[in-house]
Amino acid sequence: MKYLLIVSLCILGALAKHELYDGHAVYEVEVNSIDQGKLVHDFENEMFLDVWSDAIPGRPGQVLVPKVQREEFENFLSKEGVQYKVQVENIKEQLELEDKLLAEAAVKSNSSSSRLGFDKIHTYAEVDAYLTQLARQYPNVVTVVEGGRSIEGRPIRYLRISTTNFQDARKPVIIMQSLIHCREWVTLPATLYAIQKLVVDVTESDLIQNIDWIILPVANPDGYVFTHSNDRYWRKNRRQNFSGNICPGVDLNRNFAMNWGTASSTNPCSDTFHGSAAFSEPETAVIRDIIQAHSNRLALYLDIHSFGSMILYGFGDGTLPSNALQINLVGVQMAQAIDRVKWPTNRNYIVGNIFHVLYAASGGASDYGQLFAPLSYTYELPAWRNNSWLQGFLVDPEFIEQAGFETWEGIKVGARAALANFRQRNSVERK
Ligand SMILES: [Zn+2]
């Protein structure tokens, strides 16, 4: 009875929370040429719509449209002869469904502060306590570091995982992070699963014996807390750009010093606002510092996002790193490893350069990582198990463990390729 009451209260709280999205519809837009795709893209940006994925010929895009803008949007699409269909009439219903499913899963969860299960999406406070607890429990392998504080003063903590306390120069370093885009909740199980397999439940000891790991599960703590408390679709950090809480937030994944400001928004109201300068935000400065501190041994950098089932690499302006063939090859190998174990309802991974597969983007984390690591990728995890319900960023609790498990299959392949590259490079340098 007590559980029922808790679940009911959670659901009631959530009902009020999602009023913001009452009447928002999800459109699937199909374009027949690159030019038409660009036209739609520009119009969506002009209207400040929340574009979940851009349409290109052969791959429909998805966009969230508030009730008051639906007519204008539909008129535009009809005028330009763009095919579309309304996938979700009112996204609020799906937000409530996600809350209900996650609340039910939480009641059954057997997680504790020393063991986070893969049955629910853990909060910032839970993850933060867990990292500290893990360092206490495994002092020979795990160190927890506060890299800095977020805009609102929350610790940005990451784990250093190493059997040799980062002292062995023969080992490569791998850095991975999740939730830089805080609404992409399904990315959290991917980093937590990696931690689990490197520290708690080690079944492939080569990965921990031969490699030093840095894992940052909540790269955007303020935003992540905000997605739980106020706005499930919040993407940026919580920088106050103006007084009076008008258009807060910087898109952290446009704030890195790689082509900064060339393919992102100057408008603070935009979801891709790049900030006042590269690394203007404490959250990105923490990541910059981690990357730079390990640049001599950094072999692989992974920035985990959702959604779309993609493994993407730089650069965001369409130019390619000098070792692009190798980057592509390892990307394909990682994707194949995931595809082998993925659920059949999810599509196969796509691998490619971010500009050519998705869109032009500047100041991205993985582009910056590419300046220091021979292999650097953005993962776009699938976030739903069946396209017909729970759209986009929403998480089906039944998929949480699978998301962690299948992504780890890809990361393992990437880690071993990075290790082989690192050893080969070092042996060449010694000759
Ligand atoms: Zn993202």
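The chain is annotated in an unreviewed UniProt entry as Peptidase M14 domain-containing protein of Mythimna separata. As recorded by UniProt, the Cofactor (unreviewed entry) comment attached to the chain reads in full: "Zn(2+)".

## Things to note about the packing of helix α6 (residues 188-200) against helix α13 (residues 400-430)
As a packed pair, α6 and α13 sit with axes 8 Å apart at the nearest point and diverge in direction by 65°. In the crossing of α6 with α13, the sense of the turn from one axis to the other is right-handed. Where α6 approaches α13, its residues Pro189, Ala190, Tyr193, Ala194, Lys197 and Leu198 are matched on the opposing element by Ile400, Glu401, Gly404, Phe405, Thr407 and Trp408. When grouped by side-chain class, the residues that make up the contact of α6 with α13 number eight nonpolar, two polar and two charged.

## A short note on the packing of aromatic side chains
Under the counting rule described, the total for this entry stands at 18 aromatic pairs. Relative to Tyr233, the ring of Trp52 lies with its centre 5.3 Å away and its plane at 45°, an arrangement referred to as tilted. In this pair, Trp52 is assigned in strand β2 (residues 50-53) and Tyr233 in the loop between α8 (221-229) and α9 (282-293), connecting sequence segments 181 residues apart. Like Trp52, the residue Tyr233 is buried in the burial classification. Ring centres of Trp52 and Phe307 lie 6.3 Å apart, and the angle between their planes is 90°; this geometry places the pair in the edge-to-face category. A residue pair is termed long-range when its members are at least 10 positions apart, and Trp52 in strand β2 and Phe307 in the loop between β9 (298-306) and β10 (310-313) qualify at 255 residues.

Rules used in this analysis
Residues numbered from 1 in each chain as written. Predicted model: local features only at pLDDT ≥ 70, side-chain atom pairs only at ≥ 80, totals over all residues. Heavy atoms only, no water. UniProt positions renumbered as here; feature names shortened; annotations may be inferred. Axes fitted to C-alpha atoms, helices over the stretch in contact; angles between N-to-C directions. Helix = DSSP H or I, 4+ residues; strand = E, 2+ residues; numbered from the N terminus. Left-handed = near helix turned anticlockwise from the far one by under 90°. Contact = heavy atoms within 4.5 Å. Nonpolar A, V, L, I, M, F, W, Y, C, P; charged D, E, K, R; others polar. Phe/Tyr/Trp six-rings, centres within 6.5 Å; stacked < 30°, edge-to-face > 60°. Buried < 20%, exposed > 50% of the residue type's maximum accessible area, 1.4 Å probe, protein only.

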